[in-house]
Amino acid sequence: MRYLSTRGGSPPAGFATALLGGLAPDGGLYVPEEWPEIDVHPSVERYQDVAVEVIAPYVADDIARDELSSLVEDAYARFDDPAVVPVRALSDGLHVAELFRGPTLAFKDIALQLVGRLIDRELTRRDETATVLVATSGDTGSAAIEACRGRDRVSIVVLHPRGRVSEIQRRQMTTVVEPNVHNVAIDGNFDDCQDLVKAAFADTDLRRELGLIAMNSINWARVMAQVVYYVTSAAAVAPDGGPVSFSVPTGNFGNVLAGWVAARGGVDVERFVVGSNRNDILTRWIDSGVMEARGVEPTLSPSMDIQISSNVERYLWEIGGRRGSVVAEQMADLRARGSFRMPPEQHEQVRAIFAGACVDDEQTLAEIARVHAESGMLIDPHTAVAVAAARRIERGEGPRVVLATAHPAKFPDAVEQATGVRPELPAHLADLLDRPEASTPLASDPDVLADFLRTTVGR
Ligand SMILES: *Cc1c(COP(=O)(O)O)cnc(C)c1O
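Remember, it's a predicted structure, so these values are computed and weren't measured experimentally.

**Some points on the sheet that holds strand β13 (residues 354–358)**
Next, step 1: Spatially, β3-β4-β14-β9-β10-β13 is the arrangement adopted by the 6 strands of the open sheet, whose pairing is mixed. What marks the edges here is a single partner per strand, and that holds for β3 (87–89) and β13. Mean inter-strand twist for the sheet, computed between neighbouring axes without regard to direction, equals 25 degrees.
Next, step 2: Sheet analysis places strand β9 (residues 244–249) next to strand β14 (residues 400–404), joined by 3 bridges and oriented parallel. Looking at the pairing, S247 lines up with V402 of β14.

**What about the packing of helix α4 (residues 108–126) against helix α5 (residues 139–148)?**
Next, step 1: For the pair α4 and α5, the least separation of the axes is 8 Å and the interaxial angle reads 35 degrees. In this structure, α4 crosses over α5, and the sense of that crossing is right-handed. Where α4 abuts α5, its residues K108, D109, L112, Q113 and G116 lie against D139, T140, A143, A144, E146 and A147.
Next, step 2: Residue composition of the contact of α4 with α5, by class: 4 nonpolar, 3 polar and 4 charged.

**Some remarks on the side chain of D280**
Next, step 1: For D280, the position within the fold is in the loop between β10 (269–276) and α11 (281–288).
Next, step 2: Of note is the side chain of D280, whose polar atom sits 2.9 Å from the side chain of R284.

**Observations concerning the packing of aromatic side chains**
Next, step 1: Here the structure, examined in full by the defined rule, presents 18 aromatic pairs.
Next, step 2: Ring centres of W35 and W260 lie 5.3 Å apart, and the angle between their planes is 80 degrees; on these two criteria the pair is classed as edge-to-face. Here W260 lies in helix α10 (residues 254–264) and W35 lies in the loop between β2 (30–32) and α2 (47–59), a separation of 225 residues in the sequence. Taken individually, W35 and W260 each receive the classification buried, so the pair is uniform in this respect.

**A word on the sheet that holds strand β8 (residues 212–213)**
Next, step 1: Ordered by their spatial adjacency, 5 strands build an open sheet running β8-β5-β6-β7-β15, and the pairing between neighbours is parallel. Sheet topology places β8 and β15 (440–443) at the edges, where each strand pairs with a single neighbour.
Next, step 2: In this structure, strand β7 (residues 181–187) lies alongside β15, joined through 4 bridges in parallel fashion. Its bridge partner being in β15, A185 is matched across the sheet by P441.
Next, step 3: Relative to the sheet, α5 contacts β5 (130–135), β6 (154–161) and β7, its axis offset from that of β6 by approximately 165 degrees.

**Thoughts on the packing of helix α12 (residues 312–319) against helix α14 (residues 344–353)**
Next, step 1: The contact between α12 and α14 brings their axes to 10 Å, and the two run at 120 degrees. Relative to α14, the element α12 is oriented oblique. You can see that α12 and α14 cross each other, and the crossing is right-handed. Contacts from Y315, L316 and I319 in α12 reach Q346, Q349, V350 and I353 in α14.
Next, step 2: Counted by class, the contact of α12 with α14 contains 5 nonpolar, 2 polar and no charged residues.

**Quick notes on helix α15 (residues 361–375)**
Next, step 1: Helix length check: α15 (15 residues) gives 21 Å between terminal C-alpha atoms against 21 Å at 1.5 Å per residue, within 8%.
Next, step 2: Within the sequence span of α15, burial applies to T364, L365, E367, I368 and V371. Across the axial projection of α15, the buried residues extend over an arc of 160 degrees, all falling on one side. Projecting away from the buried face of α15 at angles above 90 degrees are the exposed residues E362 and A373.
Next, step 3: The elements touched by buried residues of α15 are α16 (381–392) and α17 (412–419).
Next, step 4: After α15 finishes, the residue G376 shows a positive phi value of roughly 80 degrees.

**Some words on the site of the ligand**
Next, step 1: Taken together, 15 residues sit near the ligand, with K108, D139, G251, N252 and T405 positioned nearest.
Next, step 2: Note that an oxygen atom of the ligand is positioned 3.2 Å from one of the backbone N or O atoms of F253.
Next, step 3: The contact in question runs from an oxygen atom of the ligand to an N or O atom on the backbone of N255, over 3.0 Å.
Next, step 4: Protein burial of the ligand: of its 380 Å² of free accessible surface, 96% is covered by the chains.

**Some points on the pattern of salt bridges**
In a structure, side chains of opposite charge can pair up when their charged atoms sit close to one another.
Next, step 1: Inspection of every chain in the model, using the stated rule, returns 40 salt bridges.
Next, step 2: Between R101 and E98 there is a salt bridge, with the nearest N and O atoms lying 2.7 Å from each other. Accessibility classification places R101 together with E98 in one group, the buried group.
Next, step 3: Beyond isolated ion pairs, a larger network of salt bridges with shared partners links E67, R121, E122, R125 and R126.

**Topic: the pairing of β6**
Next, step 1: Most of β6 is tucked away: 8 of the 8 residues are buried.
Next, step 2: The alternating pattern of β6 places V154, I156, V158 and H160 on one face and S155, V157, L159 and P161 on the opposite face, and all of these are buried.
Next, step 3: Bridge count between β5 and β6: 6 bridges; the pairing is parallel. Directly across from V134, in β6, lies its bridge partner V158.
Next, step 4: Taking the sense of rotation as the criterion, the β-α-β connection linking β5, α5 and β6 turns out right-handed.
Next, step 5: As paired strands, β6 and β7 are joined by 6 bridges and run parallel to one another. The residue bridging V158 from the neighbouring strand is N183, located in β7.
Next, step 6: Handedness of the crossover is the feature at issue here: the chain leaves β6, passes through helix α6 (residues 167–174), returns alongside β7, and the resulting connection is right-handed.

How each quantity is defined
- Residues numbered from 1 in each chain as written.
- Predicted model: local features only at pLDDT ≥ 70, side-chain atom pairs only at ≥ 80, totals over all residues.
- Heavy atoms only, no water.
- Pairing = 2+ DSSP bridges.
- Helix = DSSP H or I, 4+ residues; strand = E, 2+ residues; numbered from the N terminus.
- Axes fitted to C-alpha atoms, helices over the stretch in contact; angles between N-to-C directions.
- Left-handed = near helix turned anticlockwise from the far one by under 90°.
- Contact = heavy atoms within 4.5 Å.
- Nonpolar A, V, L, I, M, F, W, Y, C, P; charged D, E, K, R; others polar.
- Polar contact = N/O pair within 3.5 Å; in protein donor to acceptor, adjacent residues only side chain to side chain.
- Phe/Tyr/Trp six-rings, centres within 6.5 Å; stacked < 30°, edge-to-face > 60°.
- Buried < 20%, exposed > 50% of the residue type's maximum accessible area, 1.4 Å probe, protein only.
- Parallel < 35°, antiparallel > 145°, perpendicular 65-115°, else oblique.
- Expected span 1.5 Å × (residues − 1).
- Arc of directions from axis to C-beta.
- Near = heavy atom within 4 Å.
- Areas by Shrake-Rupley, 256 points an atom, 1.4 Å probe, with all protein chains shown as cover.
- Salt bridge = Lys/Arg side-chain N within 4 Å of Asp/Glu carboxyl O.
- Right-handed = clockwise from strand over helix to strand, strands pointing away.

Here it is as structure tokens:
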């Protein structure tokens, strides 16, 4: 499988380059040259076996099937449900696919547990070491740390804005005591953290010295790993085949893009409901055909507080006929003028498969309360956005699956506010609030960060 850049200005690359390189050299995102057909009978197969079937064509030139299989087994061994992604029935003909059974209680574990192992394997093969550098406003940091802790070839440095992440999210990062894990509390906000990461990657000497690599949601390998649960969830609710709809709480469009890849591969999907919080760039885009960035508002579902959904670029590339120059122009307009309009025939294609609904904080709390009253189930605010969105969009023919992206105990304040019940952390994190923490406070200054990186993780 070869990987092409969405902006058409870089030569095709292999899987390992897409994995370690992150962005293509022309600033585009890597996309596979083909969308392989998904040929599995998931009703009779384990999640891990489906994963190997789905992922193998994307990595075939680099990784033998046996080795892929052992990486997959290892990646999902710490999930606390034998199904990895269990699917439960809710009221109203809805089903919930629980994507939060991994070590950090959010869906990012599903991709990152595998991606950490893929990166470590590639570095071992090259006899190299590298440093993963991540800025986080919450979930990504802990998921990336859990994916890298104890790995031989990678160190990880995570920047979080000091005093601006929730206590649980902070502790999930700062209580991990491993020689290859470094938490940095930046005096600033999340944008400052992201700017520091960008500055570090732009510093070519530093980048080469430390072997900096990214693990953010534009990495193709993350999307690839997420295709799997669309296959298994569809099989769970429609064992004899037939169309299924998915409702997805959406930020960067990485999760729902994986669903679209599953549909391209043959999974029978009737519709994707894109659930947004008040940061509704995607919902507005689906309705109007205009992608327009606005400021970011904080909400109860912080992992969806985004201004621009970077993974849409892969979808635009495909429906626009794979013309990199057109995508490059659209992205340049979005950056320079804050918006671009899709041609009408592309907008039609979007509306044929996607529907959007924007759910504000009040409606989110009401949905958490409703689900609890109807079924006794506690859901987190991100999941609640998707449930409320699913109810709002007209029902199709087939069963509907809501993707539950975080464990309720990750957002206990909102859940308690809505239901009066404070969700408990699962056993492996029960003593999280008592564990000692370690992090290094740093000023928001690229030179200070560069010094810190050279002294702590320099090779
Ligand atoms: C990251 C995240 C999302 C958004 O996923 P995207 O792939 O960015 O659309 C939704 N919910 C939770 C809990 C997350 O951590």
